[in-house]
Amino acid sequence: MNEFRTILETLDRLSAELDQLRDRREKIEERRDQVRSETYAKLTAEYDSKVSDAEQGLEAAADTLRRDLASLKSELTRLTGDVELADQSIEELELRRYIGEFQSDEDFASLMAGEKEKREKTGARLAELRIQVADAEAILGTSTVAGSSQHPAVITDTQPLPTAIPHAGEGTNPSAGPALEDTLDIRSADELSSTVAAPGDANPMPVFGDASGLETDGGSSHVTVGGKDAPPAAVTLNYLDQTREVPIKGYPFTIGRSTKNTLSLKSEEISRYHSQIRFEKGKFLLEDLGSANGTTLDGKRIQRAELKPGGRITLGPAELTFTLSSS
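Residues numbered from 1 in each chain as written. Predicted model: local features only at pLDDT ≥ 70, side-chain atom pairs only at ≥ 80, totals over all residues. Heavy atoms only, no water.

(A) Fine view of the overall build of the chain. Scanning the chain from terminus to terminus reveals three helices and 15 strands. Of all 327 residues assigned to the chain, the portion counted as buried reaches 42%. Sequence-distant contacts, at least 24 apart, represent 56% of the contacts inside the chain between residues at least 6 apart. When the accessible surface of the chain is totalled, it reaches about 17300 Å², and 47% of it is carbon and sulfur. (Helix = DSSP H or I, 4+ residues; strand = E, 2+ residues; numbered from the N terminus. Buried < 20%, exposed > 50% of the residue type's maximum accessible area, 1.4 Å probe, protein only. Contact = heavy atoms within 4.5 Å. Areas by Shrake-Rupley, 256 points an atom, 1.4 Å probe, with all protein chains shown as cover.)

Here it is as structure tokens:
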């Protein structure tokens, strides 16, 4: 993990250095008619060389990240399978206990504790890997290759949201701080950026592309995941002293600071990929994605837990209440 973070930091540093060099080169051009031709030629040659070297360094770092990304995806596939096997083992133990195979509760508890510990460690590593893969794909998807006329656009934590979200029927008070629609971005089912996948799929999240596996019934809230109908659901968002209902139109329903999430919230207390709501085996699940400040459900910090109607989810300054509807 440390090596991976070092590569990301190197890309950020090289990108910033390249921006600075190109800015200086542009300033040289601005003063071209105000200095001697020899002075202009000397500094132009110097900074053209520096820009070229920086572009090559950035591309080399990007190549290293691409190789590491392939390795991370391979481990992601393996760990996804390990988590599914761990869940199956826990399910099997519970069934064996139900049919009376265990002589004592202590025998069952000992075996179950070992399986749950294994599942927790594997799940934590899986959540960490998902974030790393998402970070790497975001950077590689926006970095400028050597020779491009545009500056590198390595993703930053403060990049603006792409669109404003209509807030029909509700006004805003300028003195009350930023409007809710200025701090969040909500994607519809057709715009979902997370690939929907059933447990055990090779890449359940977060490859941002088509939402294959997701079915919607026209404009209704009917959703099918992995062949099972998911009841119509929504979260009521309480954020910046404002409230609004956000329908869940596809799974996983991801929440975080990055605009690649289904629900994006602009707050430094919320991680880029903070948490997600999933629908698996007829149940709703809330899962923390390795966030820095954690995910709280009904006042308790969780890694993965069943989400029931009325459940209160807290992420930094935002609170969401999970609800089911009959529509």
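Structure's up, so let's keep going.
(B) Structural view of the pairing of strand 14 (residues 312–315). Residues Ile313 and Leu315 of strand 14 are buried on one face, while the alternating residues Arg312 and Thr314, pointing to the opposite face, are not. In the sheet, strand 11 (residues 295–297) pairs with strand 14 via two bridges, with the strands oriented antiparallel. Bridge pairing in strand 14 links Thr296 to Thr314. As judged from the four bridges shared by strand 14 and strand 15 (residues 318–324), these two strands associate in the antiparallel manner. The residue bridging Arg312 from the neighbouring strand is Thr321, located in strand 15. The hairpin formed by strand 14 and strand 15 contains two residues between the paired strands, and Gly316 there has a positive phi angle of roughly 55 degrees. (Pairing = 2+ DSSP bridges.)

(C) Layout of the side chain of Arg25. Locating Arg25 in the fold gives a position in helix 1 (residues 2–30). At 2.8 Å, the side chain of Arg25 and the side chain of Glu29 are in polar contact. Aside from chain neighbours lying at most four places away, what touches Arg25 is Tyr40, Thr44, Tyr47 and Asp48. (Polar contact = N/O pair within 3.5 Å; in protein donor to acceptor, adjacent residues only side chain to side chain.)

(D) Looking closely at the environment of Arg97. Tracing the sequence through the fold places Arg97 in helix 2 (residues 37–98). Judged by relative accessible area, Arg97 falls into the partly exposed class, the value being 42%. For Arg97 and Phe108, which are 11 residues apart along the polypeptide, the C-alpha to C-alpha distance reads 7.1 Å. Setting aside residues up to four positions removed in sequence, Arg97 forms contacts with Phe102, Asp105 and Phe108.

(E) Looking closely at the sheet that holds strand 5 (residues 233–239). The antiparallel open sheet is built from six strands, whose spatial order is 6-5-15-14-11-12. The open sheet has two free edges, formed respectively by strand 6 (242–248) and strand 12 (300–302), since each of these has just one partner strand. Here the average twist between neighbouring strands, direction ignored, is 30 degrees. (Axes fitted to C-alpha atoms, helices over the stretch in contact; angles between N-to-C directions.)

(F) Representation of the pattern of salt bridges. For the structure shown, the criterion picks out 23 salt bridges. The salt bridge partner of Glu55 is Arg22, with a shortest N-O separation of 2.4 Å. Of this pair, Glu55 sits in helix 2 while Arg22 sits in helix 1; the two residues are 33 residues apart in sequence, bridging distant segments of the chain. Classification of Glu55 as buried rests on a relative accessible area of 13%. Owing to a relative accessible area of 8%, Arg22 belongs among the buried residues under this scheme. With its nearest N and O atoms 2.5 Å apart, the salt bridge here joins Arg66 to Asp63. Linking Arg66 with Asp63, this pair stays in helix 2, spanning three residues, or about one helical turn. Given the relative accessible area of 34%, Arg66 is considered partly exposed. Note on Asp63: relative accessible area 32%, which makes it partly exposed. (Salt bridge = Lys/Arg side-chain N within 4 Å of Asp/Glu carboxyl O.)

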